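# Observations on chain architecture
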Amino acid sequence: GEPEGEPEGEPEGEPEGEPEGEPEGEPEGEPEGEPEGEPEGEPEGEPPLVTFLCRTVLNSSQVVPPTDSNATGNAQFDLREDDVMLTITHTVTTATEAFIHSGASGANGPAIFDLGDATSPIVVSLSFEDYMTLVDSPHYIVITSRAHTTGEIRGQIIDCPDLDDVEGEPEDDDDEPVEQCCRGFDPSDGGILLLLLSFLSLFFFVGGDVRPGKP
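None of these values were measured; they are calculated from a predicted model. (Residues numbered from 1 in each chain as written. Predicted model: local features only at pLDDT ≥ 70, side-chain atom pairs only at ≥ 80, totals over all residues. Heavy atoms only, no water.)

## Describing helix α2 (residues 128–136)
Going by this rule: Relative accessible area decides the class of each residue, using a 1.4 Å probe on protein chains only: under 20% of the type maximum gives buried, over 50% gives exposed, and in between gives partly exposed. Numbering of helices and strands starts at the N terminus; helices are DSSP runs of H or I of at least 4 residues and strands are runs of E of at least 2. Picture the helix axis, draw a direction to every C-beta atom, and the arc is the one those directions span.
Within α2, the full set of buried residues consists of Y131, M132 and L134. Summarising the axial view, the buried residues of α2 lie within an arc of 155°, below the 170-degree limit, and thus occupy one face. Exposed residues lying more than 90 degrees from the buried face of α2 are E129 and D136.

As structure tokens, then:
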């Protein structure tokens, strides 16, 4: 009765419990936590620098002649490191084309920039030269639709700054601390120092003895 009970009970319980518990818990926890957290945090913490330049309102009353559309829109220019980003959002339901035209307010002019897909939002990268072209002379943005093939809403590009003025601001700020640090060194402020030196010279000349009653 004894030799038959021992070999059957021990080998079955021990080898099955150890290999199943240890290898499954350790490899699953480490690779999932570390690699996912680090690469995602770095790009989010360093967004590209963007400087707001100007904004344009689009509506039907600026179209020549005006339309009866209730659609509206906004166009915003933002300065980035290598280009100017133009972002247009609008409520034209059946927009077909988006263009920038040359022309003053109240007049129509030729299209000079095709903005591509007219579906809102429209995001276009402009070179610095293209942006300066829009600023140096009158231009406007037009969104066309199936009902208004020549333009349903329009917005005149106004109050947009010259890039030279925008880039010059940081240089002026850097000059201010230099001017402030040197304002305290005025030669006229040396009078107090000269008076103190004269007093010390007189003190040492008489030997430093200033007891009363001594001739």
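Once the structure has been displayed, the description carries forward.
## Focus: the sheet that holds strand β6 (residues 122–126)
Our working definition: Criterion used throughout: strands pair if DSSP finds at least two bridges between them. To define axes, lines are fitted to C-alpha atoms, for helices over the stretch in contact only, and angles between the resulting N-to-C directions are given on a 0 to 180 degree scale.
Here four strands make up an open sheet; going across it, the order is β1-β2-β3-β6 and the pairing antiparallel. Each edge of the open sheet carries a strand with a single partner, namely β1 (51–58) and β6. Adjacent strand axes in the sheet meet at a mean angle of 15°, parallel and antiparallel pairs treated alike.

## Thoughts on the sheet that holds strand β4 (residues 95–102)
One open sheet holds the four strands; their spatial order is β5-β4-β7-β8, and the pairing between them is antiparallel. If you trace the sheet from one side to the other, it starts and ends with β5 (111–114) and β8 (153–156), each paired once. Averaged over all pairs of adjacent strands, the angle between their axes in this sheet comes to 25°, without regard to strand direction. Bridge count for β4 against β5 is three bridges, and the pairing is antiparallel. In the sheet register, H101 faces β5, and the bridge partner there is A111.

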